[in-house]
Amino acid sequence: MLHPILRSLAVASVLAGCASLPSGPPPAAAFIVLGEDGAPIARAVTTAPTCPAITIDGRTTPMAVRAPYGPIPLRGKDQSASFHADAVSRPVLSCETALPAGARQVGVAGQPLPLPPAEVKRIVVIGDTGCRLKGKEFQDCNDPQAFPFARVAASAAAWKPDLVVHVGDFHYREDPCPADRPGCAGSPYGYGWDAWNADFFAPARTLLAAAPWVIARGNHESCNRGGQGWWRFLDAHAYDPAANCDDPATDERADYTDPYAVPLGASAQLIVFDSANTNWKGFKPGDTRIAHYTAMWHKVDALARRQRYNIAVDHHPLYAFGAIQDARTGAITLFGGDAGLTQVFGALDARLLPSTIDVLLSGHVHLWEQTSFSSDHPTQFVAGFAGTAEDIVPLPQTPPAGQAPAPGAVLEAMSSWIDGFGFMTMERTGPDTWRVVVHDRDGKERNTCVVEGRHSRCAVLQV
Ligand SMILES: [Fe+2]
């Protein structure tokens, strides 16, 4: 209950908002994210203390506060993957407005925002977009050749998508740039707004303005990393100040979100699920994540029964290969899908995802990859090649006999692009067929694939 004086102040500020709408500088970011059942939500992020105005079909109102104005608080030293007491960041305000069904024209602070068409036919897929500053790996964030996300985003926007899918891992600037690395000198770091802005919102600007977004959560957005920004800016669910990753005591709630479906029209849909907190080593008995991901699988299963054609979207691949190289011997070892999810999902269904899922879009591995199976497994695309330093250990054109990325999966086709930055596009060509194109950072076509049902095949095996 509000104190009477505060209540009258609140009423006064609402009235003032009606009388003179916020004008101020344009927000740092304005975009549309699609949530449950594809419901469009307008979002704005601003360093001003008040939310900008939104105009919907000619009617202008102030946007509502999603997360109040202020700096993102530091979590404790033992509660952060990287802790820097000196990581400074400006205060930030996150605003939103749920758009009414049938809204036709939407603008925030005079900037038009793109609405989804009734039938989505052109999709851009990107992932793993931030500039890596962590541990011993430092990317030259100031060099657009070494950190090309802004270029990739502009090229993807020029393709004129109906929808953008980001498969997770937005925030990478966790540690300060070392003094002897001019390529990243001056970069903000830590989990505050300034690092989020430099890593994602500033370079993504053209693509945020081009189409509505569907956003999956990466492990970089788990509570002990960028989770606080994730909840304030990007998550498609309602914001709960009591479960926003600020207080580690609530991580057990804030590290998980419910899956949701985004209809594409013509009997197809995306199903987005949150794999941020899984563990590539698998789970020990009694780990609470087993129960979380078991419940999530059942919700995905229920959603996937609603439509005929289903494309799942998450961060961690289940049906793709990655490769690591022994620094000493040079020997290359292949690894398959995420062990934690494989363990939990595999106990529910041998093919891991429910039988109604046709395609899985993921990131996490910093390359582009396609796999297709003669067994009953979904086709997988990995699009973690949009900005973060690439994984450069080559994948084989054909994996050694008997090696599968998922238990029991029988590979029928595989294609990859190692050490190339870019984005993937999907163009719907029929009820269950898509034309996939792999573009480089300039938008030039480097590979094409055809998806038919749960199978896919690409023109070039190794780009
Ligand atoms: Fe990742």
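What you see is a predicted model; the values in this text were computed from it and never measured.

Caption draft 1: Structural view of the environment of Thr278. Checked against the element boundaries, Thr278 lands in the loop between β15 (268–272) and α7 (288–304). Taking the C-alpha atoms as reference points, Thr278 and Ala209, 69 residues apart in sequence, are found 32 Å from one another. Every residue in contact with Thr278, bar those within four places of it in the chain, is listed here: Phe283, Arg289, Tyr293, His316, Asp338, Gly340 and Leu341. Within the structure, the side chain of Thr278 is placed 2.6 Å from the side chain of Asp338, a separation counted as a polar contact.

Caption draft 2: Local environment of the coordination of the iron ion. Coordination of the iron ion by the protein is provided by Asp169 (OD), Asn219 (OD1), His315 (NE2) and His364 (ND1), with metal-donor distances spanning 2.0 to 2.2 Å. Coordination at the iron ion is irregular: its 4 donor atoms span angles of 86 to 165° at the metal. Read from N- to C-terminus, the donor residues coordinating the iron ion fall into the pattern D-x49-N-x95-H-x48-H. Of the two residues, Asp169 sits in the loop between β12 (163–166) and α3 (193–201) while His364 sits in the loop between β19 (359–362) and β20 (368–373), which places them 195 residues apart along the sequence. Relative accessible area serves as the criterion here: at 1%, Asp169 is assigned to the buried category.

Caption draft 3: Looking closely at the sheet that holds strand β14 (residues 260–265). The 7 strands lie next to each other as β14-β15-β16-β19-β21-β20-β22, forming an open sheet whose pairing is mixed. Both outer strands of the open sheet, β14 and β22 (411–417), are each paired with one neighbouring strand and no more. Sheet twist, expressed as the mean angle between neighbouring strand axes with direction ignored, is 15°. By the bridge criterion, 4 bridges tie β20 to strand β21 (residues 379–383) in an arrangement that is antiparallel. The residue bridging Thr371 from the neighbouring strand is Gln380, located in β21. With respect to the sheet, α7 is in contact with β14, β15 and β16 (309–313), its orientation differing from that of β15 by roughly 170°.

Caption draft 4: Looking closely at the nonpolar core. Phe201, Leu234 and Leu361 are the most contacted members of the largest nonpolar core, which has 95 residues in total. The dominant element in this core, judged by the number of residues it contributes, is strand β1 (residues 29–34), at 6 residues. When sequence neighbours within four positions are dropped, the list of residues in contact with Phe201 reads Ala29, Phe31, Val45, Trp193, Trp196, Leu208, Phe233 and Leu234. If you look at the next biggest cluster of nonpolar residues, it comprises 24 residues, including Ile271, Val300, Ala406 and Ala409.

Rules behind the numbers
Residues numbered from 1 in each chain as written. Predicted model: local features only at pLDDT ≥ 70, side-chain atom pairs only at ≥ 80, totals over all residues. Heavy atoms only, no water. Helix = DSSP H or I, 4+ residues; strand = E, 2+ residues; numbered from the N terminus. Contact = heavy atoms within 4.5 Å. Polar contact = N/O pair within 3.5 Å; in protein donor to acceptor, adjacent residues only side chain to side chain. Donors = N, O, S within 2.8 Å, 3.2 Å for Na, K, Ca; no water. Tetrahedral: all angles 85-135°; square planar, octahedral: opposite > 155°, others 65-115°. Buried < 20%, exposed > 50% of the residue type's maximum accessible area, 1.4 Å probe, protein only. Pairing = 2+ DSSP bridges. Axes fitted to C-alpha atoms, helices over the stretch in contact; angles between N-to-C directions. Core = buried A, V, L, I, M, F, W, Y, C linked by side-chain atoms within 4.5 Å.

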